[in-house]
Amino acid sequence: DECANATVVPINPTLDCVDSAQGTVYSATASPQAKICAGGADDDVWFTFIPTSTKHQISLTNVVGSSATWMYQTIYKGSDCNSLTEVFCTSTLSNFVDNLGPGDTYKIRVYSGTTTPGQTTTFRVCIGTPLPVPANDECAGAVTVPVNPTLECTQMASGTIQSSTASPQPNACNPNDDDDVWFKFTATSTVHAIELKNITGSTTDLFHVVYTGNCGAITMLYCSDPNYSLAQNLVAG
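Calculation notes
Counting of residues starts from 1 at the beginning of each chain's written sequence and follows it residue by residue. Owing to the predicted nature of the model, reporting of local features is limited to residues with pLDDT of at least 70; listing and counting of side-chain atom pairs is limited to 80 or more, with chain, interface and lining totals taken over all residues. Excluded from the side-chain calculations are hydrogens and water; all other atoms, namely the structure's heavy atoms, are used. Strands here mean DSSP runs of E at least two residues long; helices mean DSSP runs of H or I at least four residues long; both are numbered from the N terminus. Note that the radius of gyration is over C-alpha atoms, with the globule rule given as 2.2 Å times the number of residues to the power 0.38. A simple rule labels every residue: compare its accessible area, found with a 1.4 Å probe on the protein chains alone, to the largest value its type can have, and call it buried under 20%, exposed over 50%, or partly exposed in between. Counted charges follow a simple rule, with Lys and Arg positive, Asp and Glu negative, and His plus the chain ends left uncounted. By convention, the charge on Lys lies at NZ, on Arg at CZ, on Asp at CG and on Glu at CD. Any two cysteine sulfur atoms lying within 2.5 Å of each other are counted as a disulfide. What counts as a ring pair is set by centres within 6.5 Å for rings of Phe, Tyr and Trp (its six-membered ring), and what kind of pair is set by the plane angle: stacked under 30 degrees, edge-to-face over 60, tilted for all other angles. Lysine NZ or arginine CZ positioned within 6 Å of the ring centre and within 35 degrees of the ring normal marks a charge as sitting over the ring.

Q: Looking at this structure, how should I read the overall build of the protein?
A: Along its length, the protein carries zero helices and 15 strands. By the compact-globule yardstick of 18 Å for 237 residues, the protein is too spread out, its C-alpha radius of gyration being 23 Å. Based on the C-alpha atoms only, the size of the protein along its principal axes is roughly 70 × 30 × 30 Å. Every one of the 237 residues in the protein was classed for burial, and the buried ones make up 37%. Positive and negative charge centroids in the protein, built from 8 and 21 side chains respectively, lie 5 Å apart.

Below, the structure is given as structure tokens:
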């Protein structure tokens, strides 16, 4: 119920919530710590964790009860409950929190968004760890894709957009290129078929953009929302 007795939340090495901590706001009371986050923290409870990465996903899962659709999380840095620094606030159940200090102590304050007494909500707090930024997150680290001699894709290159970031190269395609990764190939023909295959994960709506040139002076040839496209008028070699 108070910061000094915060429950320790285990850190999962991936985004899979295998380990978590149980919590409830039932019968919880207000705490004296300051906050700039919204919501009435009259039924707050406390958790604590030590990051293993600069970025973690902090989620409330299995949320059940009278205020299940309106829960707040406030993240503080510090081990002394009398001198905490608020670093993050949200009413969304799951968020990525950046700029954490691995080895430092953080507190999570969870409370319902309503000041109506008698809230009964229960939940679990899960902390996941995203993958490191992919090696091909930027153009200079583009992964080489083998060119198949026929339309049969017997040779491919693997990829993921998890933990990837935006790149500065121009893009007249879909503007939501905040999680792009890069690949490269050397044409052996004036026409090649390009296909994204075996797509799984949180979204399957992917775009691919084809460029020619080096990363510092690159020219966009075309953009494709479909996962299959024909790159034409290429220069072999």
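Back to the text.
Q: Looking at this structure, how should I read the state of the cysteines?
A: Two cysteines, two sulfur atoms, one covalent bond between them: this is a disulfide. Counted by the stated rule, this structure contains five disulfides. A sulfur-sulfur distance of 1.9 Å marks the disulfide that ties C17 to C126. Taking the sign of the torsion about the S-S bond as the criterion, the disulfide between C17 and C126, at about -105°, is left-handed. Note that C17 is positioned in the loop between strand 1 (7-8) and strand 2 (21-24) and C126 in strand 9 (residues 122-128), a separation of 109 residues in sequence. Take C17: its relative accessible area is 40%, and that puts it in the partly exposed class. For C126, a relative accessible area of 1% translates into the label buried. Disulfide pairing is shown between C37 and C89; the S-S distance is 1.6 Å. Measuring handedness by torsion sign, the sulfur bridge of C37 and C89 sits at about 50° and is right-handed. Taken together, the positions of C37 in the loop between strand 2 and strand 3 (45-49) and C89 in strand 6 (residues 85-90) put the pair 52 residues apart, joining distant regions of the chain. When its relative accessible area of 7% is taken as the criterion, C37 is described as buried. Judged by relative accessible area, C89 falls into the partly exposed class, the value being 32%. In the protein, the bonded cysteines, numbered by position in the sequence, are linked as 1-4, 2-6, 3-5, 7-9, 8-10.

Q: Help me understand unusual backbone geometry, please; the structure alone is not making it clear to me.
A: Trans peptide bonds make up most of the peptide bonds, and negative phi angles are found at most residues other than glycine. Despite not being glycine, N99 shows a phi value in the positive range, around 60°. Backbone geometry places N233, a non-glycine residue, at a positive phi of 55°. Assignment of secondary structure puts N233 in the segment after strand 15 (228-231).

Q: What is the right way to look at the packing of aromatic side chains in this model?
A: For any pair of aromatic rings, the description rests on two quantities: the centre-to-centre distance and the angle between the ring planes. What the rule picks out here adds up to five aromatic pairs. Relative to Y106, the ring of F49 lies with its centre 5.6 Å away and its plane at 20°, an arrangement referred to as stacked. Taken together, the residues span a long stretch of sequence, with F49 in strand 3 and Y106 in strand 8 (residues 106-112) at a distance of 57 residues. As far as the burial class goes, F49 and Y106 line up, both buried. Between Y72 and Y111, the aromatic rings sit 5.5 Å apart at their centres with planes inclined by 5°, giving stacked as the arrangement. Of this pair, Y72 sits in strand 5 (residues 71-77) while Y111 sits in strand 8; the two residues are 39 residues apart in sequence, bridging distant segments of the chain. The ring of F96 carries K55 above its face, with NZ or CZ at 5.0 Å from the centroid.

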